[in-house]
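Notes for the structure review
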Amino acid sequence: MGLFLIITLLVIISAVYSYLNARFIKLPGTIGIVSIAILVSLITIIIDKLDPDVASHLTVLAKHINFSTTVLNIMLGFLLFAGSFNLNTRRLKKEMLPVLVLSTLGVILSTAIFGAFFYGVTILFHVKIPLVYCLLFGALVSPTDPVAVGAIIKGSKLPQNLETIISGESLFNDGIGLVLFITLLEITRSGTDNINFGNTAVLFLREVFGGIAFGAISGYFAFRLMKSITDFQTIVLVSMALVMGVSVVSTYLHLSIPLAVVTAGLFAGNKSINQDGNEHSHQALEKFWRLIDEMLNTILFVMIGLQMVNIPYLDNYWLTGLIAILVILVARWLSIMLPLIFLRRSLNVNYSSINILTWAGLRGGISIALALSLPYTPYRHIILSGSYFIVIFSIVVQGLTLNKVINASYKEKPE
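What counts and what doesn't
- Residues numbered from 1 in each chain as written.
- Predicted model: local features only at pLDDT ≥ 70, side-chain atom pairs only at ≥ 80, totals over all residues.
- Heavy atoms only, no water.
- Helix = DSSP H or I, 4+ residues; strand = E, 2+ residues; numbered from the N terminus.
- Patch = residues over 30% accessible without salt bridge, like charges linked within 9 Å, V, L, I, M, F, W, Y side chains within 5 Å.
- Areas by Shrake-Rupley, 256 points an atom, 1.4 Å probe, with all protein chains shown as cover.
- Salt bridge = Lys/Arg side-chain N within 4 Å of Asp/Glu carboxyl O.
- Lys, Arg positive; Asp, Glu negative; His and termini not counted.
- Charge placed at Lys NZ, Arg CZ, Asp CG, Glu CD.
- Buried < 20%, exposed > 50% of the residue type's maximum accessible area, 1.4 Å probe, protein only.
- Contact = heavy atoms within 4.5 Å.
- Expected span 1.5 Å × (residues − 1).
- Bend = angle between axes of the 7 residues up to and from the residue.
- Phe/Tyr/Trp six-rings, centres within 6.5 Å; stacked < 30°, edge-to-face > 60°.
- Lys NZ or Arg CZ within 6 Å of the ring centre and 35° of its normal.
- Polar contact = N/O pair within 3.5 Å; in protein donor to acceptor, adjacent residues only side chain to side chain.
- Axes fitted to C-alpha atoms, helices over the stretch in contact; angles between N-to-C directions.
- Parallel < 35°, antiparallel > 145°, perpendicular 65-115°, else oblique.
- Left-handed = near helix turned anticlockwise from the far one by under 90°.
- Nonpolar A, V, L, I, M, F, W, Y, C, P; charged D, E, K, R; others polar.

Positioned with a positive phi, Lys-26 is a non-glycine residue whose angle comes to about 60°. Its identity is not glycine, yet His-126 carries a phi of approximately 60°, on the positive side. As for its placement among the helices and strands, His-126 is situated in the loop between helix H8 (105–124) and helix H9 (131–141).

This is the structure:
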């Protein structure tokens, strides 16, 4: 199946799902699209059991999409840039400390807590999976997904400060999560007895700080270029070249693509590129990237639903999937609560916000993409299935009930 045909089918399916949701189902966009995609995939799986020949025609698109490569190497850069470019930087500066704590210390704590708890629970259920693989599982599901988070909180009743914290955290924690994932994956390959802590530290520092520095330089340079011209077509091309250039160079230099792209987006969108009061280039560019964000969101969530037909063993791991959902919620809650206990005055976050921050920590396509990128080992199916359970639960269940959790935490509307 050719690339153009795959893109065409994805756009057509995305348009159909969006129309069905907008016209008949009328759920929040992301939740409705994912729900339809899951339903279609379940019907396809049932048809496959009844008549594999018929189902083979229905699953051909899903089997021709390299989900992991498409998300991590192509879509992720555009989605993260769109989110960071349109982020309110004034609010972000005000909430920068809790954002940094949650996106760094919070991810590390969540990974460790999830790994330890999941390892302990699986022993109780006589499921043998090494601790390092449990930690690897924790690394790929601990970061909140900026795509899922951004799509869900748009229609929520979140207070402004919490919305900024959750959005900012989801943009930055992917970089830390990916570095942890790569580090732990290297440990699984080389073995726990051959860990080189020096090389690991260098890898971590290069990925994180190298990505941030390169993104800042590239974003500021692109901002100066866009500010020096008024031709909107050229401005759009410069912004797209920034995203694609940063992604390619970061891959070549082994820097964190998420951190580089997010930093570039913040620097490029931090100040207006308008040259005078009659120009509206910046506002138009924001609308352009918001449109790109929403279209790619829809396509991504359609792809998430399609991937179900590529995981035929999903029903064999429903127990570990349910365990993974409970454990990630506990790990998320503790990873917020522990820093808050020691840094409450500095973070300026109330204890009443912990449940909201926990429930709004959604997972999405990035977790599935990382799980699909795992090498074939006896534990790959458990991690992949568990990731899928967590993602579907977070988008559908947490997404649908987020406002109820907000209302329960704030019985009276906050100022």
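There is more to say, and it comes next.
The next point concerns a positive patch on the surface. Side chains of Arg-90, Lys-93, Arg-224 and Lys-271 sit close together on the surface and give a patch of like positive charge. Mapped onto the elements of the fold, Arg-90 is located in helix H6 (residues 89–94).

The subject of this paragraph is the pattern of salt bridges. Per the counting criterion, the structure on display carries 1 salt bridge. Between Arg-332 and Glu-169 there is a salt bridge, with its nearest N and O atoms 2.6 Å apart. With Arg-332 in helix H16 (residues 318–347) and Glu-169 in helix H11 (residues 160–190), the pair connects residues that are 163 residues apart, well separated along the chain. Across the pair, Glu-169 and Arg-332 agree in class, each one buried.

Attention now moves to the side chain of Ser-250. Considering the arrangement of structural elements, one finds Ser-250 in helix H13 (residues 232–253). Accessibility expressed as a relative area gives 0% for Ser-250, which makes it buried. Every residue in contact with Ser-250, bar those within four places of it in the chain, is listed here: Phe-214, Leu-255, Ile-257 and Ala-260.

What follows covers H16. Helix length check: H16 (30 residues) gives 38 Å between terminal C-alpha atoms against 44 Å at 1.5 Å per residue, more than 12% under. At Ile-341, H16 is deflected by roughly 70°, the largest bend along its length. Phi turns positive one or two residues past the end of H16, at Asn-348, with a value near 55°.

Scanning all chains against the criterion turns up 11 aromatic pairs. Both rings, one in Phe-81 and one in Phe-85, keep their centres 5.6 Å apart while their planes meet at 25°; by these two values the pair is stacked. Separated by 4 residues within a single helix, Phe-81 and Phe-85 lie in helix H5 (residues 67–85), roughly one turn from each other. Both residues of the pair, Phe-81 and Phe-85, belong to the buried class. With a centroid separation of 4.8 Å and an interplanar angle of 65°, the aromatic rings of Phe-81 and Trp-289 are classed as edge-to-face. With Phe-81 in helix H5 and Trp-289 in helix H15 (residues 281–306), this pair connects stretches of sequence that are 208 residues apart. With a relative accessible area of 1%, Trp-289 lands in the buried category. The ring of Tyr-376 has Arg-380 lying over it, and the distance from NZ or CZ to the ring centre is 4.3 Å.

What follows is about the side chain of Ser-14. Along the chain, the position of Ser-14 falls in helix H1 (residues 3–25). Separated by 2.7 Å, the side chain of Ser-14 and the backbone oxygen of Leu-10 make a polar contact. Apart from residues no more than four positions distant in its own chain, Ser-14 is found in contact with Thr-298, Ile-299 and Val-302.

Here helix H19 (residues 380–409) contains 30 residues, and its C-alpha end-to-end distance of 38 Å is more than 12% below the 44 Å for a straight helix at 1.5 Å per residue. Taking the largest bend as the criterion, H19 deviates by roughly 45°, centred on Leu-402.

Another aspect to go through is the packing of H5 against helix H18 (residues 365–372). At their nearest, the axes of H5 and H18 sit 7 Å apart, and the two run at 130° to each other. Accordingly, the angle class assigned to the pair H5 and H18 is oblique. The two elements H5 and H18 cross, and the hand of that crossing is left-handed. Counted together, Phe-67, Ser-68, Val-71, Leu-72 and Leu-76 of H5 and Gly-365, Ile-366, Ile-368, Ala-369, Leu-370 and Leu-372 of H18 form the full contact between these two elements. A per-class count over the contact of H5 with H18 returns 9 nonpolar, 2 polar and no charged.

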